[in-house]
Amino acid sequence: MVLSDLGRRINAAVQDLSRAPNLDEKAFDGMVKEIAAALLSADVNVKLVANLRKSIREQVKFKDLPPNTNNNQKRRLIQQAVYDHLVHLVDPHSNPYTPKKNKSNVIMFVGLQGAGKTTTCTKLARYYHTRGFKACLVCADTFRAGAYDQLKQNATKAKIPYYGSLTQTDPAVVAAEGVALFKKEKFEIIIVDTSGRHQQEADLFKEMVQVQSAIKPDQTIMVLDGTIGQAVESQSKAFKDTADFGAIIITKTDGGAAGGGAISAVAATHTPIIFLGTGEHMMDLERFEPKAFISKLLGYGDMTGLIDHIQSITRDSASMKETQKHLAEGIFTLGDMKEQISNIMKMGPLSKVAGMIPGLGGMMSGLSDQDGTEKLKRMVYIYDSMTAKELESDGKILINEPTRMTRIACGSGTSVREVEELLTQHRVMAGIAKNFGQNKANMQRAQKMMQGPNAKQQAAAMQKRMQAMGGAGRGGMPGGGNMADMMRAMQQMGGGGGGMPDMSQLMSQMGGMGGLANMFGGGRGRGR
């Protein structure tokens, strides 16, 4: 993936510093030098790298540290400085336009030829459609042969309404007609695709301004090819001077190119990146958030991005809602596990998902996406060979009647051992679901106690019982807390109004991460 090598090199430099027995200024300078070299090799602008190097050194001054500062404190200071300045590198501190519900938001796309504008238009329309917006597409690219057919094919596949013309050659007219039509039909997201341009094509730049004047977009987005290198800086400046775009989407970040040139464009134009294109599929569009991006780059994970990605996949799934209901009740059937695996496969390459989970990116380095996907496919084949009765069960029916496992193995083209391994993984996840159901019931009881008329008396009585169980003075709670403290903490979690968070909703947000982690863990040790 673009920038993955950069992330590995920066992370390795920081880790080497952490392992250094004597953390002095010489070791620190070596780390800063390695980070600068990694950024330069990734095509980040030389001036930006020089400024970054200078800023990190100014923030971490060994001579100003107190004499009693230990190595752990120095490491935390250095890691925080590296993190802060890398975030500053990709964050122009300007807020992009945010589309509003119940309003027509016109979004115009501009960019170089071959950057992936048309595909990205459809991805963005689908992104907003899955989040409850009424989205559509307008093809104002009358310059490139096949542009309308490509947009039509993409929009049909994504089930997004579209508008274009095979006879009208004036892009400003097509754009204005399409926007007017969709505004009349109360569409909330109207995305206008335009012709790809180069900096030197004055006529096409003039045409771009005419389209912009005709539709008066609420937001203009420039699409940048993540593989283009340092040339992107001059190109983006030319577009900024002409179209004054307010946001950037970087595409092709699933390739092997350096990709740092796109980061340079952020500094050159003081324009925020809002999305990253991470693949060719319609769902391969990640929301960009500077802190989360750098956190993932350094191997710290991006749990917010993972949850958002899961939600976009499971939001409209009826079977997933059934699974969530089962989880809330402490039940986990074989059919529920099949749904979990299906959702994991929809999420894209395993390396992409692993990078969002703290610590898992490194663990997955030895497992290729192809191997991981093949493993998941074989599991789906096993489930597809089960009867409805077996899928609705907890798996014991297969253990009690081994001939069923033999039949399933033959029908799926797998082995009995693989079926047994799948059942073992299911038992682990079923145990997690059972504990979750019990914890949810306990929290609901605690919530009722806190909201009842005798809340204080009941809390005091529970505290006494816990003290009797755990010993006087400790309250029986981990960390030496007492029941009243726990109650107060639970109140604060609920927003101060006495209400606890809705755990079924929380589980809905997590959407199968327990299953995800288990699949990863189960795929490491065998057959590798």
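Predicted model only: the values in this text are computed from it and were never measured.

Chemist: Before we go on, may I ask you to explain the overall build of the chain in this structure?
Modeler: In terms of helices and strands, the chain carries 25 helices and 8 strands. Looking at the 528 residues of the chain, the share that counts as buried comes to 49%. Relative to all contacts within the chain whose residues are 6 or more apart in sequence, the contacts with residues 24 or more apart total 74%. Counting only carbon and sulfur atoms, one obtains 52% of the accessible surface of the chain, whose full area is about 25,400 Å².

Chemist: So what exactly am I meant to see when it comes to the side chain of T194 here?
Modeler: If you trace the backbone, T194 turns up in the loop between β4 (189–193) and α8 (202–215). A polar side-chain atom of T194 sits 2.5 Å from the main-chain carbonyl oxygen of F109. Excluding residues within four positions of it along the chain, T194 makes contact with M108, F109, V110, K117, A140, D141 and V211.

Chemist: How do you make sense of the nonpolar core when you look at a structure like this?
Modeler: Note on soluble globular proteins: their nonpolar side chains tend to be buried together. One finds M31, L39, I78 and I294 to be the most contacted residues of the largest nonpolar core, which totals 67 residues. With 8 residues, helix α4 (residues 71–90) is the largest single contributor of residues to this core. When sequence neighbours within four positions are dropped, the list of residues in contact with I78 reads L17, L23, F28, M31, V60 and F62.

Chemist: Explain the UniProt feature "domain: SRP54-type proteins GTP-binding" (unreviewed entry) in the chain to me, please; I cannot follow it from the model alone.
Modeler: Feature annotation in UniProt assigns "domain: SRP54-type proteins GTP-binding" (unreviewed entry) to the following positions: residues 272–285. Counting secondary structure, residues 272–285 comes out at 0% helix and 43% strand; the distance between its end C-alpha atoms is 16 Å.

Chemist: Explanation requested: the packing of aromatic side chains in the structure shown.
Modeler: To describe a pair of aromatic rings, one takes the distance between the centres and the angle between the planes. Under the criterion given, the structure shown has 6 aromatic pairs. For the pair F182 and F187, a centre-to-centre distance of 5.0 Å together with 75° between the ring planes defines the contact as edge-to-face. Grouping residues by exposure puts F182 and F187 together as buried. Residue placement shows K101 over the ring face of F133; its charged tip is 4.8 Å from the ring centre.

Chemist: What am I meant to see in the sheet that holds strand β3 (residues 162–163) here?
Modeler: Hydrogen bonding along the main chain pairs the strands of a sheet, whether they run parallel or antiparallel. With respect to topology, 8 strands assemble into an open sheet ordered β3-β2-β4-β1-β5-β6-β7-β8, the strand pairing being mixed. A strand with exactly one partner marks an edge of an open sheet, and here the two such strands are β3 and β8 (285–287). Where strand β1 (residues 105–111) lies against strand β5 (residues 219–225), 5 bridges are found, and the strand directions are parallel. Within the sheet, the bridge partner assigned to G111 lies in β5 and is V223.

Chemist: Where do I start with the side chain of T220 in this structure?
Modeler: Position of T220 among the secondary structure elements: in strand β5. Residue T220 is classed as buried on the basis of its relative accessible area of 6%. Not counting chain neighbours up to four residues away, the residues in contact with T220 comprise M108, V110, Q212, A243, F245, G246 and A247.

Chemist: What am I meant to see in helix α9 (residues 232–243) here?
Modeler: Every α-helix winds through 3.6 residues per turn, so residues three or four apart in the chain are directed the same way. The terminal C-alpha atoms of α9, which comprises 12 residues, lie 16 Å apart, in line with the 16 Å expected from a rise of 1.5 Å per residue. V232, E233, Q235, S236, A238, F239 and A243 are the residues of α9 that are buried. Downstream of α9 by one or two residues, D244 has phi in the positive range, about 50°.

Chemist: Looking at this model, I keep getting lost on helix α11 (residues 290–297). Mind explaining?
Modeler: Buried residues dominate α11, accounting for 7 of its 8 residues. Residues P290, A292, F293, I294, S295, K296 and L297 constitute the buried set of α11. If you check the start of α11, you find a side-chain oxygen 3.2 Å away from the backbone N of K291, and it comes from E289.

Chemist: I'm lost on the environment of G330 in this one. Help?
Modeler: Looking at the secondary structure, you find G330 in the loop between α13 (318–328) and α14 (334–346). We classify G330 as buried; its relative accessible area is 18%. A C-alpha to C-alpha distance of 8.5 Å links G330 and G431, two positions 101 residues apart in sequence.

Cut-offs and rules
- Residues numbered from 1 in each chain as written.
- Predicted model: local features only at pLDDT ≥ 70, side-chain atom pairs only at ≥ 80, totals over all residues.
- Heavy atoms only, no water.
- Helix = DSSP H or I, 4+ residues; strand = E, 2+ residues; numbered from the N terminus.
- Buried < 20%, exposed > 50% of the residue type's maximum accessible area, 1.4 Å probe, protein only.
- Contact = heavy atoms within 4.5 Å.
- Areas by Shrake-Rupley, 256 points an atom, 1.4 Å probe, with all protein chains shown as cover.
- Polar contact = N/O pair within 3.5 Å; in protein donor to acceptor, adjacent residues only side chain to side chain.
- Core = buried A, V, L, I, M, F, W, Y, C linked by side-chain atoms within 4.5 Å.
- UniProt positions renumbered as here; feature names shortened; annotations may be inferred.
- Phe/Tyr/Trp six-rings, centres within 6.5 Å; stacked < 30°, edge-to-face > 60°.
- Lys NZ or Arg CZ within 6 Å of the ring centre and 35° of its normal.
- Pairing = 2+ DSSP bridges.
- Expected span 1.5 Å × (residues − 1).

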